[in-house]
Amino acid sequence: MSRDLFEAARAAMAKSHSPYSRFPVGAALRTEDGSIYAGANIEVASYPEGWCAETTALGHYVMGGGGRITEIAVVAEKMARITPCGGCRQRLAEFAAADTKLHLCDDTGIVETVTMGEMLPLGFSRETLK
Ligand code: THU
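Residues numbered from 1 in each chain as written. Predicted model: local features only at pLDDT ≥ 70, side-chain atom pairs only at ≥ 80, totals over all residues. Heavy atoms only, no water.

**Q** Any chance you could break down the site of the ligand for me, citing the residues and the numbers?
**A** Close to the ligand lie Ser21, Phe23, Val25, Asn41, Glu43, Cys52, Ala53, Glu54, Pro84 and Cys85, which account for all nearby residues. Within the side chain of Glu43, an N or O atom sits 2.5 Å from an oxygen atom of the ligand. Here an oxygen atom of the ligand and a backbone polar atom of Ala53 are 2.9 Å apart. Summarising the interface, the protein chains cover 76% of the accessible area of the ligand, which totals 380 Å² for the free molecule. (Near = heavy atom within 4 Å. Polar contact = N/O pair within 3.5 Å; in protein donor to acceptor, adjacent residues only side chain to side chain. Areas by Shrake-Rupley, 256 points an atom, 1.4 Å probe, with all protein chains shown as cover.)

Right, dumping it as structure tokens:
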């Protein structure tokens, strides 16, 4: 069921531009209408200017028209089970609900599934700004 999402994340990972860390990452998210938006990490010679796979995927998601996110997959070539960095947890939480499934993968498939709420408990949100 979620295998195709994992495969989209892994295919995106193959496009990673990570010559400095040599740590390719891929992310993919699915929306309610069945669309899949994927991305890889993109590094820059001026190191702080690079960005994460989740961020690339979110850019595609927003440009594709957005929509309710039903599940997310993240994969790293060199990790048994990657978890999104703190900044990406916040970026994902901007668009995904607390009960959205987040699949943590290795390069063979899904290792563990958690929710966004578990990944970013007590997060800062737009509610705080009201
Ligand atoms: N990276 C991601 O793409 N996503 C994460 O959630 C963690 C880290 C990337 C950033 C950088 O290109 C490389 O992994 C090493 O930190």
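More follows now that the structure is in view.
**Q** Could you give me a rundown of a nonpolar patch on the surface, with the residues and numbers involved?
**A** Side chains of Val62, Met63 and Phe95 sit close together on the surface and give an oily, nonpolar patch of about 310 Å² of accessible area. Position of Phe95 among the secondary structure elements: in helix H3 (residues 86–95). Classification of Phe95 as partly exposed rests on a relative accessible area of 36%. (Patch = residues over 30% accessible without salt bridge, like charges linked within 9 Å, V, L, I, M, F, W, Y side chains within 5 Å. Salt bridge = Lys/Arg side-chain N within 4 Å of Asp/Glu carboxyl O. Helix = DSSP H or I, 4+ residues; strand = E, 2+ residues; numbered from the N terminus. Buried < 20%, exposed > 50% of the residue type's maximum accessible area, 1.4 Å probe, protein only.)

**Q** Break down the packing of helix H2 (residues 53–63) against H3 for me, citing the residues and quoting the values.
**A** Closest axis-to-axis distance for the H2/H3 pair is 10 Å, and the angle between their directions is 20 degrees. When the interaxial angle is binned, H2 and H3 end up roughly parallel. Crossing geometry of H2 relative to H3 is assigned as left-handed. Listed contacts from H3 to Glu54, Thr55, Leu58, Tyr61 and Val62 of H2 are Cys88, Arg91, Leu92 and Phe95. Considered class by class, the residues forming the contact of H2 with H3 number six nonpolar, one polar and two charged. (Axes fitted to C-alpha atoms, helices over the stretch in contact; angles between N-to-C directions. Parallel < 35°, antiparallel > 145°, perpendicular 65-115°, else oblique. Left-handed = near helix turned anticlockwise from the far one by under 90°. Contact = heavy atoms within 4.5 Å. Nonpolar A, V, L, I, M, F, W, Y, C, P; charged D, E, K, R; others polar.)

**Q** So what about the packing of aromatic side chains? Which residues, and what values?
**A** Per the counting criterion, the structure on display carries three aromatic pairs. Where Tyr20 meets Tyr47, the ring centres are 5.5 Å apart and the plane angle is 45 degrees; that geometry is what we call tilted. Pair noted here: Tyr20 is in the loop between helix H1 (3–13) and strand E1 (25–31) and Tyr47 is in the loop between strand E2 (36–40) and H2, with a separation of 27 residues, a long-range link. Between Tyr61 and Phe95, the ring centres sit 5.4 Å apart and the planes meet at 70 degrees, which makes this aromatic pair edge-to-face. Taken together, the positions of Tyr61 in helix H2 and Phe95 in helix H3 put the pair 34 residues apart, joining distant regions of the chain. Classification of Tyr61 as buried rests on a relative accessible area of 5%. Joined through ring pairs, the aromatic side chains of Tyr37, Tyr61 and Phe95 make up one cluster. (Phe/Tyr/Trp six-rings, centres within 6.5 Å; stacked < 30°, edge-to-face > 60°.)

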